[in-house]
Amino acid sequence: MYQLISGVTHDDQAANLFLENVYRPEKSRFLIEHGLWWYRGDSHRFVVATDKGQVVGHSAIIPTTCVLDGQQQPSAWYVDLIVDPDFRGRGLQSMLDEAVRLSGDLKFAFPARDLSARIFQKHGWRLREDCDHLTLLFSLLALPRLRQAQSLKGRLARNTARLFTPLLALYRLRLGRYAPKTAREVVDPDAETLAQVFLHWQSGDRRITTWRDAEFIQWRFLDAPYRSQLRFYLAGPTDAPTHVLISRLLDIRGVQTLRILDLFGDLEDVAGLRDILRLAVRDAKQAHAKQVVALSSVPPLTAVLRSIGFRMRRPLQFCWHTPNPALMDQFGSTGCHWTYADSDADY
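Computed from a prediction, not measured in an experiment: that's the story for all the values here. (Residues numbered from 1 in each chain as written. Predicted model: local features only at pLDDT ≥ 70, side-chain atom pairs only at ≥ 80, totals over all residues. Heavy atoms only, no water.)

For the rest of this paragraph, the subject is the overall build of the chain. Along the backbone of the chain there are 12 helices and 13 strands. Taking all 347 residues of the chain together, 53% fall into the buried category. Here the contacts in the chain between residues at least 6 apart in sequence split such that 71% fall between residues at least 24 apart. On the chain, roughly 16000 Å² of surface is accessible, and the fraction owed to carbon and sulfur atoms is 52%. (Helix = DSSP H or I, 4+ residues; strand = E, 2+ residues; numbered from the N terminus. Buried < 20%, exposed > 50% of the residue type's maximum accessible area, 1.4 Å probe, protein only. Contact = heavy atoms within 4.5 Å. Areas by Shrake-Rupley, 256 points an atom, 1.4 Å probe, with all protein chains shown as cover.)

Attention now moves to the pattern of salt bridges. For the structure shown, the criterion picks out 14 salt bridges. Put simply, E185, R231, R282 and D283 are held in one network by salt bridges that share partners. (Salt bridge = Lys/Arg side-chain N within 4 Å of Asp/Glu carboxyl O.)

Moving on, we get to the packing of aromatic side chains. Two aromatic rings are characterised by how far apart their centres lie and by the angle between their planes. Under the criterion given, the structure shown has 26 aromatic pairs. With a centroid separation of 5.4 Å and an interplanar angle of 35°, the aromatic rings of F108 and W338 are classed as tilted. On the criterion of sequence distance, the pair formed by F108 in strand β5 (residues 106-109) and W338 in the segment after α12 (325-333) is long-range, its members being 230 residues apart. No difference in accessibility class separates F108 from W338, as the two residues are buried. Three or more aromatic residues link up through ring pairs in this structure, and these residues are F30, W37, W38, F216, W219, F221 and Y226. If you follow R40 out to its NZ or CZ, it ends over the ring of W219, 4.0 Å from the centre. Its end group placed over the ring of Y226, R248 keeps NZ or CZ at 3.5 Å from the ring centre. (Phe/Tyr/Trp six-rings, centres within 6.5 Å; stacked < 30°, edge-to-face > 60°. Lys NZ or Arg CZ within 6 Å of the ring centre and 35° of its normal.)

Counting through the fold element by element, I246 comes out in strand β10 (residues 243-252). For I246, a relative accessible area of 0% gives the class buried. As a C-alpha pair, I246 and A280 span 34 residues in sequence and 8.7 Å in three-dimensional space.

Among the structural elements, G41 can be located in the loop between α2 (25-38) and β2 (45-50). On the accessibility criterion, G41 (18% relative accessible area) is buried. C-alpha separation for the pair G41 and H10, spaced 31 residues apart in sequence, amounts to 8.5 Å.

Right, let's talk about helix α3 (residues 92-101) for a bit. Those residues of α3 that fall on the buried side of the exposure criterion are L92, L96, D97, A99 and V100. Looking straight down α3, one finds that the buried residues subtend no more than 160° of arc, so they occupy a single side. (Arc of directions from axis to C-beta.)

Of all hydrophobic cores here, the largest spans 57 residues; its most connected members are W77, F108, I217, F221, F318, F331 and W338. No other element matches strand β3 (residues 55-68), which puts six residues into this core. Judged by nonpolar contacts, the second largest core, of 27 residues, contains A235, L263, L277 and I308. (Core = buried A, V, L, I, M, F, W, Y, C linked by side-chain atoms within 4.5 Å.)

Before going further, it helps to examine the pairing of β10. Counting buried positions along β10 gives seven out of 10 residues, so the element sits mostly inside the fold. Judged from the six bridges that link them, strand β9 (residues 230-235) and β10 form a sheet pairing that is antiparallel. Each residue of the ladder has a partner; that of L234, found in β10, is V244. In this structure, β10 lies alongside strand β11 (residues 255-265), joined through 10 bridges in antiparallel fashion. Paired with L249 across the bridge in β11 is L258. Joining the antiparallel neighbours β10 and β11 is a turn of two residues, in which R253 adopts a positive phi near 50°. (Pairing = 2+ DSSP bridges.)

This is the structure we're talking about:
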């Protein structure tokens, strides 16, 4: 027999032991130490436990607000769904999924793998694939298949990659010398200033995106446990900025990586997008990052990213669910703007 438990607290020992057993150390440590912040409280976690109290499944939601056709819509990100491998095939994932579907009106998620997407669809979620994960490489050895391969073929590939080092050095030199036009770093930003950029440019934008008011920005960035890893940029006139970019420099499996964590404002202004992105890339190079990564589901932004060197592309699957059929269809036919700050991959 299995029991679904909702509202699991951040200090629940059985739940935290489960996270340690199923996730890599850096992820489990983040969820255990910062789950209260990440899930925005203690009432948004679900676990499945055996009759002996052993936790064998976990999922959670992160409450948020999205904007759909200019209207604010209460919603939630569905995150951290996992079942102990020894207990799979017993309907536990369906129990967790049903708890999330019944927990609110509009939910969305980035499934981890194709298999997860198929499971989501089986439970009535819709799927779209118009968001890309894009990578700019400063070093070919940032690629896991080159860095980690132990076979003779892998070693030959690494040696071949090193032959391109001089060309990449020239490329890095050019990126590192960029002189911005209006883009600049803001050392000590305040949430209201950043939110005003979003609110000003959101009024004419009908894409689905996160409602980035001052409360959201304060929680998501300024109160983040990794605040010291973040850098904030503005572009446009001093008295009327047009763009905000927030980046995060961190180590990902031994590779120093810069994430374009968030980017909002005038997403049709190609020159402004290029200016602020090139400044962030320049600073990444100067910080000795090996790669820069970003998410994009906005065609003008994707085009700019690819033009400045984000040549590696991996499509992402995106799922959503609501019991409202009209809202379900509207969500599938309206353009979206998602970034790393919206996904559950930022730890």
